[in-house]
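# A structural walkthrough
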Amino acid sequence: LYAVYDLGGGTFDLSLLRLTQGVFEVVATGGDSALGGDDYDHALADWALAEAKLGAETAQDKRAVLVAARAAKEALSSAAEVRLRATLRAGALDVAVTRERFDAITKPLTERTLAVVRKVLRDAKVAKDEVQGVVMVGGSTRMPQVREAVAAHFGREPLTNLNPDEVVALGAAIQANQLAGNSPGGELLLLLDVTPLSLGLETMGGLVERIIPRNSTIPIAKAQDFTTFKDGQTAMAVHVVQGERDQVEHCRSLARFELRGIPPLVAGAARIRVSFQVDADGLLSVSAREQGSGVEAAVTVKPSYGLADEQIARMLQEGFTTAEGDMRERALREARVE
């Protein structure tokens, strides 16, 4: 098992991968779309202004302080102490910053990355001592306190032998070379990705029935049987949704289609099998088939289309923070349906 710790300028991502005979399987992923090297700059800039008892009154002042803070941050990766200097409307900003002080100022930010690490390991049901190596990605992982925190958490030094600014491009080049049909050294590499968000459909009461849970390895296929709600019902609307919430209005709508021609039976007698299939390219196919008559309808959709990393992280975060309230609301709606 290997962890990929990716701290860039504006976002943080962690992926857990299992490597077996050239097959890279993504076991779990997670992240924080509002955490990155820029936040370290802001924290240092705010501290420097407070230390000098100065204010950044204009946009130019704020920019000047941030530029100075970034330069100081980068210098502290190799120096024990630097001076943070900027010219502001209210006067000259000139304060000394030690690496220990910078570490203390930004410790809450580093701790936020470790909270994501713990959550991803929990999702994957993996203990931290099972992780054989941690690959550091992104320029912000050059900060000594980040590397030290990761080493302390996993009990081993992270892998820093690759340029953190170039490692993503390097991986993309290797993957592109594979897709082009080349196998350097005769070794075939295969990357098995996961679904970042759960996929399911709407049921009575505006509730979501999850068919494919998040972090499922793709390609994957799953099916579940449903039935009619009313006597004589001859059609069923299928609403495909994506997300971690229990209420359909809080999830992302992917597609809608109708299954018509269901035999008019008493409620609960018809058996409709709904199948979800996600291929290796992340394309989702959903089909509904009435088992008795054989009538069928289907739709194909790309769940990741138009979905940014920030939206995925926000949807996951909402799922965690509202879990207790969602459970109560689900129980209430299920009782109403009954």
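The structure this text deals with has already been given above.
Description of the structure in this document. (Residues numbered from 1 in each chain as written. Predicted model: local features only at pLDDT ≥ 70, side-chain atom pairs only at ≥ 80, totals over all residues. Heavy atoms only, no water.)

This part takes up the sheet that holds strand 2 (residues 12-20). The strand order 6-1-2-3-7 describes an open sheet built from 5 strands, whose pairing is mixed. In the strand order of this sheet, the two ends are held by strand 6 (133-137) and strand 7 (190-192), each with one partner. Each neighbouring strand pair of the sheet contributes to a mean axis angle of 25 degrees, computed without reference to strand direction. Examined bridge by bridge, strand 1 (residues 2-7) and strand 6 share 5 bridges and lie parallel to one another. Each bridged residue has a counterpart across the sheet, and for Asp 6 the counterpart in strand 6 is Val 137. Packed on one face of the sheet, helix 4 (residues 144-154) meets strand 1 and strand 6 and runs near 160 degrees to strand 6. (Pairing = 2+ DSSP bridges. Helix = DSSP H or I, 4+ residues; strand = E, 2+ residues; numbered from the N terminus. Axes fitted to C-alpha atoms, helices over the stretch in contact; angles between N-to-C directions. Contact = heavy atoms within 4.5 Å.)

With that out of the way, let us pick up the nonpolar core. In globular proteins that are soluble, nonpolar side chains generally tend to be buried together. Tyr 5, Leu 16, Leu 44, Leu 84 and Leu 93 are the most contacted members of the largest nonpolar core, which has 45 residues in total. Per-element tally for this core: the top contributor is helix 3 (residues 99-124), with 8 residues. Non-local contacts of Leu 93, meaning those with residues more than four positions away in its chain, are made with Ala 48, Leu 49, Ala 52, Leu 54, Val 65, Leu 84, Arg 85, Ala 86 and Leu 88. Core analysis: the next-biggest nonpolar cluster, separate from the first, contains 26 residues, Leu 201, Phe 226, Val 240 and Val 286 among them. (Core = buried A, V, L, I, M, F, W, Y, C linked by side-chain atoms within 4.5 Å. Buried < 20%, exposed > 50% of the residue type's maximum accessible area, 1.4 Å probe, protein only.)

It is worth spelling out the pattern of salt bridges at this point. Across all of its chains, the model carries 23 salt bridges by this definition. Residue Asp 38 is joined to Arg 70 by a salt bridge in which the shortest nitrogen-to-oxygen separation is 3.1 Å. With a gap of 32 residues between them, Asp 38 in helix 1 (residues 37-52) and Arg 70 in helix 2 (residues 59-75) connect regions that are remote in the sequence. Given the relative accessible area of 35%, Arg 70 is considered partly exposed. What emerges from the salt-bridge pattern is a single network uniting Glu 209, Arg 210, Asp 246, Arg 330 and Glu 334. (Salt bridge = Lys/Arg side-chain N within 4 Å of Asp/Glu carboxyl O.)

Relative orientation of the contacting elements helix 1 and helix 3 amounts to 135 degrees, with a least axis distance of 10 Å. Here helix 1 is positioned oblique relative to helix 3, judged by the angle of their axes. For the crossing formed where helix 1 meets helix 3, the hand is right-handed. Here helix 1 contributes Asp 39, Tyr 40, Ala 43, Leu 44 and Trp 47 to the contact with helix 3, which in turn contributes Arg 101, Phe 102, Ile 105, Thr 106, Leu 109 and Thr 110. (Parallel < 35°, antiparallel > 145°, perpendicular 65-115°, else oblique. Left-handed = near helix turned anticlockwise from the far one by under 90°.)

Our next topic: helix 4. Across the 11 residues that make up helix 4, a large majority, 8, are buried. For helix 4, the complete set of buried residues consists of Pro 144, Gln 145, Val 146, Ala 149, Val 150, Ala 151, His 153 and Phe 154. On the buried face of helix 4, the contacting elements are strand 1, helix 1, helix 3 and strand 6. Within two residues after helix 4, Gly 155 carries a phi angle of roughly 75 degrees, on the positive side.

The subject of this paragraph is helix 1. In a regular helix each residue adds 1.5 Å, so 16 residues correspond to 22 Å; helix 1 covers 23 Å between its end C-alpha atoms and thus fits that length. Gly 37, Tyr 40, Asp 41, Leu 44, Ala 45, Trp 47, Ala 48 and Leu 49 are the residues of helix 1 that are buried. Next to the buried residues of helix 1 lie strand 1, helix 2, strand 4 (81-88), strand 5 (91-98), helix 3 and helix 4. Phi turns positive, to about 55 degrees, at Lys 53, one or two residues after helix 1. (Expected span 1.5 Å × (residues − 1).)

We now examine the pairing of strand 1. Residues in a regular strand project their side chains so that they alternate between the two faces of the sheet. Burial of strand 1 is one-sided: the residues Ala 3, Tyr 5 and Leu 7 facing one way are buried, the residues Tyr 2, Val 4 and Asp 6 facing the other way are not. Here strand 1 runs beside strand 2; their pairing, made up of 6 bridges, is antiparallel. Considered in strand 2, the bridge of Leu 7 is made with Phe 12. Taking the residues that link successive antiparallel strands as the turn, the strand 1-strand 2 hairpin has 4 residues.

Moving on, we get to the layout of surface pockets. Remark: the empty space left among the atoms is shown by a probe the size of a water molecule rolled over them. Its volume calculated, the largest pocket comes out at about 1,700 Å³. Lining the largest pocket we find 49 residues, and of these Val 4, Ser 15, Leu 17, Val 26 and Leu 191 sit closest to its centre. Looking at the lining of the largest pocket, the elements with two or more residues in it are strand 1, strand 2, strand 3 (23-32), strand 6, helix 5 (167-179), strand 7 and helix 6 (309-321). Ranked by residue count, the leading element in the lining of the largest pocket is helix 5, at 8 residues. Its residues assigned to classes, the lining of the largest pocket comprises 31 nonpolar, 12 polar and 6 charged. As a volume, the second largest pocket reaches approximately 680 Å³. Looking at which element gives the most residues to the lining of the second largest pocket, the answer is strand 11 (residues 235-242), with 4 residues. (1 Å grid on protein atoms, 1.4 Å probe; cavity = no way out; pocket = protein on both sides within 12 Å on 5 of 7 lines; lining within 4 Å. Points joined across faces, edges and corners; volume = space filled by probe spheres on them. Nonpolar A, V, L, I, M, F, W, Y, C, P; charged D, E, K, R; others polar.)

It is at 9 Å that the axes of helix 3 and helix 4 come closest, and there the two elements cross at 40 degrees. It follows that helix 3 is oblique to helix 4 by the angle criterion. The handedness of the crossing between helix 3 and helix 4 comes out as right-handed. Contacts from Arg 99, Phe 102, Asp 103, Thr 106, Thr 110, Leu 114, Val 117, Arg 118 and Leu 121 of helix 3 reach helix 4 at Pro 144, Gln 145, Val 146, Ala 149, His 153 and Phe 154. Looking at the contact of helix 3 with helix 4, its residues break down into 8 nonpolar, 4 polar and 3 charged.

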